[in-house]
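# Examining the three-dimensional arrangement
Chain by chain, the residues:
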Amino acid sequence: QVQLVESGGGLVQAGGSLRLSCTASGNIFSSNLMGWYRQAPGKQRELVASINTGGFTNYALSVKGRFTISRDNAKNTVYLEMNGLKPEDTAVYYCNIRFLVPGGPTYWGQGTQVTVSS
């Protein structure tokens, strides 16, 4: 089994910054994709950014240039540096990890609230 623990959410004013962290523990397959998703009230969960063990990254257009995803493979930890935050970034942010094998499982964290005030 795999557990994901997120931290770093909170309340920030528009234009501010926050850094989210997520650490995975348990039986971690060495080739994996870690990502951040978010879900605002009344909206579907959407991908924010992802990064694989090789460091290849992918970003949603809405956060490109403002958010940076990175990871420490030795610590099974992924980070999301969020700058220039906007009220529309307000959401619960979820971390996940997907094992890159056929039929590989996906695990989710419990989520952390990010609130951006105008």
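Above this text sits the structure in question.
Below is a summary of the structure that appears in this document. Counting restarts for each chain, with residues numbered from 1 along the sequence as it is written. Reporting in this predicted model follows two pLDDT cut-offs: at least 70 for local features of residues, and 80 or more for side-chain atom pairs to be given and counted; totals over whole chains, interfaces and linings ignore these cut-offs and use all residues. To get the side-chain values, all heavy atoms of the structure are used, and hydrogens and water are removed first.

## Notes on the pairing of strand E9 (residues 91–99)
Categorising residues by exposure relies on relative accessible area from a 1.4 Å probe, with only protein chains included: less than 20% of the type maximum marks a residue as buried, more than 50% marks it as exposed, and the intermediate range marks it as partly exposed. In this text, helices come from DSSP runs of H or I with a minimum length of four residues, and strands from runs of E with a minimum of two, each type numbered from the N-terminal end. For E9, the buried fraction is high: seven of the nine residues fall into the buried class. With eight bridges joining them, strand E4 (residues 32–39) and E9 adopt antiparallel strand pairing. When the bridges of E9 are listed, Met34 appears paired with Ile97. Think of it this way: DSSP has to see at least two bridges between two strands before they count as a pair. The pairing of E9 with strand E10 (residues 106–108) spans three bridges and is classified as antiparallel.

## A short note on the state of the cysteines
In plain terms, two cysteine sulfur atoms within 2.5 Å form what is called a disulfide here. A full pass over the atoms with the stated rule returns one disulfide. Each sulfur in the disulfide pair Cys22 and Cys95 lies 2.1 Å from the other. A torsion of -75° about the S-S bond marks the disulfide between Cys22 and Cys95 as left-handed. Of the two residues, Cys22 sits in strand E3 (residues 18–26) while Cys95 sits in strand E9, which places them 73 residues apart along the sequence. The same class applies to Cys22 as to Cys95, namely buried.

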